[in-house]
Amino acid sequence: MKIAIIGTGYVGLPTGVGFSELGHEVVCIDKVAEKIADLNAGKITLFEESLEELFNKNRANGRLSFTTEMHAVANADFIIIAVGTPPHPITKEADMKYVYAAAEELAPHLSRYAVIANKSTVPVGTGDKVAEIIKSKNPSADFDVISMPEFLREGFAVHDFFHNDRVVIGTDSQKAKKVVEELYRVYPERPNILYVERRSAELIKYASNAFLAIKIHYINEIADFCEKAGANVREVAMGMGLDSRIGSKFLNPGPGYGGSCLPKDTNALACMARSVGANLSLVESAIVGNDTRKSKIAMRILTSVKGIANPKIAIWGLAFKGGTDDVRESPAIQIIEELVSKNANIFAFDPKAMKTAHMVLGKSIKYAASAVEAADGADVLVILTEWADFGSIPLEKLNMRRKNIIDMRNVINASVAAAAGFYYEGIGQ
Ligand SMILES: NC(=O)c1ccc[n+]([C@@H]2O[C@H](COP(=O)([O-])OP(=O)(O)OC[C@H]3O[C@@H](n4cnc5c(N)ncnc54)[C@H](O)[C@@H]3O)[C@@H](O)[C@H]2O)c1
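Residues numbered from 1 in each chain as written. Predicted model: local features only at pLDDT ≥ 70, side-chain atom pairs only at ≥ 80, totals over all residues. Heavy atoms only, no water.

> Sorry, what's going on with the sheet that holds strand β10 (residues 345-349) here?
Within a sheet, adjacent strands bond to each other through the backbone by hydrogen bonds, running parallel or antiparallel. Pairing within the open sheet is parallel, and its six strands lie in the order β11-β10-β9-β12-β13-β14. One side of each edge strand has no neighbouring strand; the edge strands of this open sheet are β11 (366-367) and β14 (423-425). Across three bridges, the pairing between strand β13 (residues 404-407) and β14 is parallel. Note that in β14 the partner of Ile 406 across the bridge is Glu 425. (Pairing = 2+ DSSP bridges. Helix = DSSP H or I, 4+ residues; strand = E, 2+ residues; numbered from the N terminus.)

Here it is, written out as structure tokens:
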């Protein structure tokens, strides 16, 4: 099949690479010319495990191409919209201008039947609006708009593309369903495809993300309670997770949920609910709790160096989670910004997110070439991203002025730290 993907970011690029690997002919479209120039020059624009290898392979065999030209949709059987839906800076509603612009721009190029699949995370009813826009711009166009929400996890995008828990398709068009079946026929194992109404599919995405955010917020609150009650959240989470009704995933406490999805999607869902008079008090509570958490952690860090003249704070981890270079809404970045606003002297290291963090933090902090270098001469070492490698760095290698560790991801073993002569504070321990 011929597939066009509009938006070549964290969702569009892995999706394009994945479908080309399955044998489809894919063109990825983006309006950022430098991004397309890099991709056409063979330079991958984001880090995801195994992405570069499949990107090179499918570019070489001619199944994967990149362009800034929207007329590339003209030949496609299946057109995926994967543009951003960022939060409105004031209302926090999903800002739909990129989705609507994509619909307007693609409409004039439709000359034969195509399925237009919305993969961007969009408010309920967006499918209707996208269909209206296309119809108004091109009254003779033959198309179906379906909802096809994306559930990939950043850091595992390629893995998740090939091993979906489920594919949710929102449509009642039999013609569109046939095209979807054809699209997934080439999968080594047909994924579990759930067909629902378009509006339900749109809400499944938000309801799922808000549920995950609430789960993280809950274990964070339990971790805080453990600290006061003298229990250990690792053990509590393990005991909870063994219950198959609860499950062990998303029970790792930390400095708060971040990334381009959970904060934005919880806010957008809360706005949607308020606008129709529905009560989503759990979602509202997670939003407030998660927002205030980062300030509390910044205070905890500052308290740990109170009374020390010109303290040096080492930070390990800048990405919003391990396995990605994405720093969007990263708790690490927000905590650092708060520390910087109090004139803190920070040396940071992240295995993958140095470049992306630099774009946000600029010269407000210093960047180390390695984790060990960041800790050199520091008064406290703070761990903010759960990179597994951090747990295996021999602590004897750290040449710190004061041997203090605040581990907000519980990646270091408390007894190993104590044996190496460190004062160690984990989270919820
Ligand atoms: N990042 C994730 O892990 C993830 C997971 C699931 C769902 N989503 C959702 O998927 C959508 C995309 O997210 P993302 O992280 O890939 O965003 P992104 O910002 O990484 O990529 C979006 C891309 O779309 C391009 N674009 C915008 N308007 C365009 C237009 N008119 N024509 C061509 N290109 C255009 C931008 O230049 C950008 O490169 C969002 O709605 C997001 O909520 C993201």
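Structure's up, so let's keep going.
> In this structure, what is going on with the domain arrangement of the protein? I would like to understand it.
By domain assignment, the protein separates into domain 1 (2-196) and domain 2 (208-429). On a C-alpha basis, the centroid separation for the pair domain 1 and domain 2 is 32 Å. Counting residues at the interface gives 18 residues for domain 1 and 16 residues for domain 2. In this assembly, domain 1 packs against domain 2 so that about 1300 Å² is buried in total across both faces, 57% of it on carbon and sulfur atoms. For domain 1, the biggest contributors to the area lost against domain 2 are Tyr 10, Phe 47 and Glu 154; these three give 43% of the whole. In this structure, the salt-bridge partner of Arg 328 is Glu 154, at a minimum N-O distance of 3.4 Å. On inspection of domain 1 and its partner domain 2, the count reaches six residue pairs in polar contact (both at pLDDT 80 or more). Looking at the side of domain 1 that touches domain 2 residue by residue, the classes come out as nine nonpolar, four polar and five charged. (Domains from an automatic or database assignment. Contact = heavy atoms within 4.5 Å. Buried area = accessible area lost by both parts, 1.4 Å probe. Salt bridge = Lys/Arg side-chain N within 4 Å of Asp/Glu carboxyl O. Polar contact = N/O pair within 3.5 Å; in protein donor to acceptor, adjacent residues only side chain to side chain. Nonpolar A, V, L, I, M, F, W, Y, C, P; charged D, E, K, R; others polar.)

> I tried to follow empty space enclosed by the protein on my own but got confused; where do I start?
Leftover empty space is mapped by rolling, across the atoms, a probe with the size of a water molecule. Under the defined criterion, the tally for this structure stands at two cavities of 30 Å³ or more. In this structure, the largest cavity occupies an estimated 150 Å³ of space. Lining of the largest cavity is provided by 17 residues; of these, Lys 119, Glu 150, Asn 164, Val 167 and Tyr 184 occupy positions nearest its centre. For the lining of the largest cavity, the secondary-structure elements that each account for two or more residues are α1 (12-21), α6 (157-162) and β7 (167-170). Among the elements that make up the lining of the largest cavity, the one with the highest residue count is α6 (three residues). Reported here for the second largest cavity is a volume of approximately 30 Å³. Around the second largest cavity, the lining residues are Asn 118, Ser 120, Thr 121, Val 122, Ser 147, Pro 149, Glu 202 and Lys 205. By residue class, the composition of the lining of the second largest cavity is two nonpolar, four polar and two charged. (1 Å grid on protein atoms, 1.4 Å probe; cavity = no way out; pocket = protein on both sides within 12 Å on 5 of 7 lines; lining within 4 Å. Points joined across faces, edges and corners; volume = space filled by probe spheres on them.)

> Could you clarify how one ought to interpret the site of the ligand in this entry?
The environment of the ligand is made up of 27 residues, and the closest members are Asp 30, Lys 35, Thr 85, Glu 154 and Lys 264. Note that a nitrogen atom of the ligand is positioned 3.4 Å from one of the side-chain N or O atoms of Ser 260. The side chain of Lys 264 places a nitrogen or oxygen atom 2.6 Å from an oxygen atom of the ligand. Expressed as a share of its isolated accessible area of 830 Å², the protein-covered part of the ligand is 91%. Each of domain 1 (2-196) and domain 2 (208-429) accounts for three or more of the residues forming the shell around the ligand. (Near = heavy atom within 4 Å. Areas by Shrake-Rupley, 256 points an atom, 1.4 Å probe, with all protein chains shown as cover.)

> Sorry, what's going on with the packing of aromatic side chains here?
We describe a pair of aromatic rings using the distance from one ring centre to the other and the angle between the two ring planes. One pass over the full model with this rule turns up seven aromatic pairs. Between Phe 19 and Phe 161 the ring centres are 4.9 Å apart and the planes differ by 90°, which places this aromatic pair in the edge-to-face class. Within this pair, whereas Phe 19 is found in helix α1, its partner Phe 161 is found in helix α6, the two being separated by 142 residues in sequence. The same class applies to Phe 19 and to Phe 161, which are both buried. An angle of 80° between the planes, with centres 5.0 Å apart, marks the rings of Phe 161 and Phe 162 as edge-to-face. Within the aromatic cluster, the residues linked to one another by ring pairs are Phe 19, Phe 161, Phe 162, Tyr 184 and Tyr 187. Looking at Lys 312, its charged tip hangs above the ring of Phe 347, at a distance of 3.8 Å from the centre. One residue, Lys 352, lies across the ring of Phe 47, its end atom 4.4 Å from the ring centre. (Phe/Tyr/Trp six-rings, centres within 6.5 Å; stacked < 30°, edge-to-face > 60°. Buried < 20%, exposed > 50% of the residue type's maximum accessible area, 1.4 Å probe, protein only. Lys NZ or Arg CZ within 6 Å of the ring centre and 35° of its normal.)

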